[in-house]
Amino acid sequence: MKRKPVPTATSVVVPKEIMEQAKLIVFADRPVRLGKCEVCGSECAPNSTENLCWVCRRLKISAWRDSDHQVPAQE
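Residues numbered from 1 in each chain as written. Predicted model: local features only at pLDDT ≥ 70, side-chain atom pairs only at ≥ 80, totals over all residues. Heavy atoms only, no water.

Novice: I keep staring at the overall build of the chain and nothing clicks. Help me out?
Specialist: Helix and strand content of the chain: two helices and zero strands. Looking at the chain as a whole, 9% of its 75 residues are labelled buried. Within the chain, contacts between residues at least 6 apart in sequence are counted, and of these 0% link residues at least 24 apart. Surface accessibility of the chain: about 7,400 Å² in total, with carbon and sulfur atoms responsible for 60%. (Helix = DSSP H or I, 4+ residues; strand = E, 2+ residues; numbered from the N terminus. Buried < 20%, exposed > 50% of the residue type's maximum accessible area, 1.4 Å probe, protein only. Contact = heavy atoms within 4.5 Å. Areas by Shrake-Rupley, 256 points an atom, 1.4 Å probe, with all protein chains shown as cover.)

Novice: What is the right way to read a nonpolar patch on the surface from this model?
Specialist: There is a patch of nonpolar side chains on the surface, built from Val-13, Val-14, Ile-18 and Met-19 and spanning about 380 Å² of accessible area. One can find Met-19 in helix α1 (residues 16–28). (Patch = residues over 30% accessible without salt bridge, like charges linked within 9 Å, V, L, I, M, F, W, Y side chains within 5 Å. Salt bridge = Lys/Arg side-chain N within 4 Å of Asp/Glu carboxyl O.)

Novice: Help me understand the pattern of salt bridges in this model?
Specialist: If the charged atoms of two oppositely charged side chains come close together, the side chains can form a pair. Scanning the entire structure with this criterion turns up one salt bridge. The residue Arg-57 makes a salt bridge to Glu-50 at a minimum N-O spacing of 3.7 Å. Judged by relative accessible area, which is 25%, Arg-57 ranks as partly exposed. By relative accessible area, which is 26% here, Glu-50 ends up partly exposed.

Novice: Which parts of the structure should I look at to understand unusual backbone geometry?
Specialist: Where the residue is not glycine, phi is negative for most of them; where a peptide bond is considered, it is trans in most cases. Despite not being glycine, Asn-51 has its phi angle at roughly 55 degrees, a positive value. Here Asn-51 is to be found in the loop between α1 and α2 (54–69).

In structure tokens:
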């Protein structure tokens, strides 16, 4: 069985110009969010209006949902 040829650093499959154009097209569609999460400091979720990452946002939603299901204490 023959071995596959090992690619070298000089062998280029895609020219650099085409790679740069592709990167620009891919990253142009993304909204630019440079904000940090107020709780943990990671990158903000794109649909978060309160500057939370997706994990902290999900925990907040879950906490709201849990507090809505609690039965008020009887006096």
